[in-house]
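# Fold and geometry: a report
Read off the chains here:
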Amino acid sequence: EKTNNPINMVASYSAVMYMYYNRYMKSHLQTDLDEVYHYAKLTLEYTINDKYKKYMPIKAKVLAYNNLASMLNSYPNKSMSDTERYQLAEQYIEKSIEISKTVKIPELLASCYTTYAEIQESKGDLSQAEIYYLKAYDEIKNSVLDIKTKKEISQLLASFYGKRNNINEELKYYKLLLEYTK
């Protein structure tokens, strides 16, 4: 029997999206990537539908926008130029950040900032990328609960600075990574 439960629908669309994503990572077939985009869009459409507004957790909306922004940044879309992809990714991540700021979940906002930084890095805007990586770190640096996110963002910052031959900053964040790993 169908339940039409909006939260279950979002979870199901997300699961199918990730299944196609994993399949695409192995196959590199455009048809699999098209399905990733299709289910990412369905997930987003379901989470922002006014009909389900009172049932849908804010975190689900943030993640749906964030996931689609990340997909647009990372993978080609046959119907868009790179410039169009980056612009749409920025629109989605800006919406994700806007919504995320309404709740007090530092790791959620940090994840959005990280995605924004990755988009900026892909576009070649390294100064903006650095700003958003640092914003992500600032969001979670005082958290005693979220060591995993601290490790991930420290690793991203170390890698970012390493690619730019900024050895001092690279070392700083690798030391933090080590500290969080102990």
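A short tour of the structure in this document, coming up. From a predicted model like this one, the values you see are computed outputs, not experimental measurements.

### A word on the overall build of the protein chain
When you go through the protein chain residue by residue, the secondary structure sums to eight helices and zero strands. Overall, the protein chain shows an N-to-C arrangement of helices and strands of α-α-α-α-α-α-α-α. For 182 residues, the compact-globule estimate of 2.2 N^0.38 gives 16 Å, and the protein chain sits close to it at 17 Å. By the burial criterion, 41% of the 182 residues in the protein chain qualify as buried. Sequence-distant contacts, at least 24 apart, represent 55% of the contacts inside the protein chain between residues at least 6 apart. Of the accessible surface of the protein chain, which amounts to about 10,500 Å², a share of 51% is contributed by carbon and sulfur atoms. Computing the positive centroid from 25 side-chain charges and the negative centroid from 23, the protein chain places the two 4 Å apart.

### Considering the pattern of salt bridges
Summed over the entire model, instances satisfying the criterion amount to nine salt bridges. Put simply, E121, K163 and R164 are held in one network by salt bridges that share partners.

### Considerations on the packing of aromatic side chains
Counted according to the given criterion, the structure contains 13 aromatic pairs. Seen from their ring centres, Y21 and Y75 are 5.8 Å apart, and the 70 degrees between their planes marks the pair as edge-to-face. Remark: Y75 occurs in the loop between helix 3 (58-74) and helix 4 (82-100) and Y21 occurs in helix 1 (residues 6-27); sequence separation between them is 54 residues. Given the relative accessible area of 14%, Y75 is considered buried. Taken together, a centroid distance of 5.7 Å and an interplanar angle of 85 degrees make the contact between Y137 and Y173 edge-to-face. Taken together, the residues span a long stretch of sequence, with Y137 in helix 6 (residues 126-140) and Y173 in helix 8 (residues 167-181) at a distance of 36 residues. A network of ring pairs unites the aromatic residues Y13, Y20, Y39, Y46 and Y52 as a single cluster. Positioned above the aromatic ring of Y86 is the side chain of R85, whose terminal nitrogen or guanidinium carbon lies 5.2 Å from the ring centre. R164 extends its terminal NZ or CZ atom over the ring of F160, reaching a point 4.1 Å from the ring centre.

Each value, and the rule that gives it
Residues numbered from 1 in each chain as written. Predicted model: local features only at pLDDT ≥ 70, side-chain atom pairs only at ≥ 80, totals over all residues. Heavy atoms only, no water. Helix = DSSP H or I, 4+ residues; strand = E, 2+ residues; numbered from the N terminus. Rg over C-alpha atoms; globule rule 2.2 N^0.38 Å. Buried < 20%, exposed > 50% of the residue type's maximum accessible area, 1.4 Å probe, protein only. Contact = heavy atoms within 4.5 Å. Areas by Shrake-Rupley, 256 points an atom, 1.4 Å probe, with all protein chains shown as cover. Lys, Arg positive; Asp, Glu negative; His and termini not counted. Charge placed at Lys NZ, Arg CZ, Asp CG, Glu CD. Salt bridge = Lys/Arg side-chain N within 4 Å of Asp/Glu carboxyl O. Phe/Tyr/Trp six-rings, centres within 6.5 Å; stacked < 30°, edge-to-face > 60°. Lys NZ or Arg CZ within 6 Å of the ring centre and 35° of its normal.

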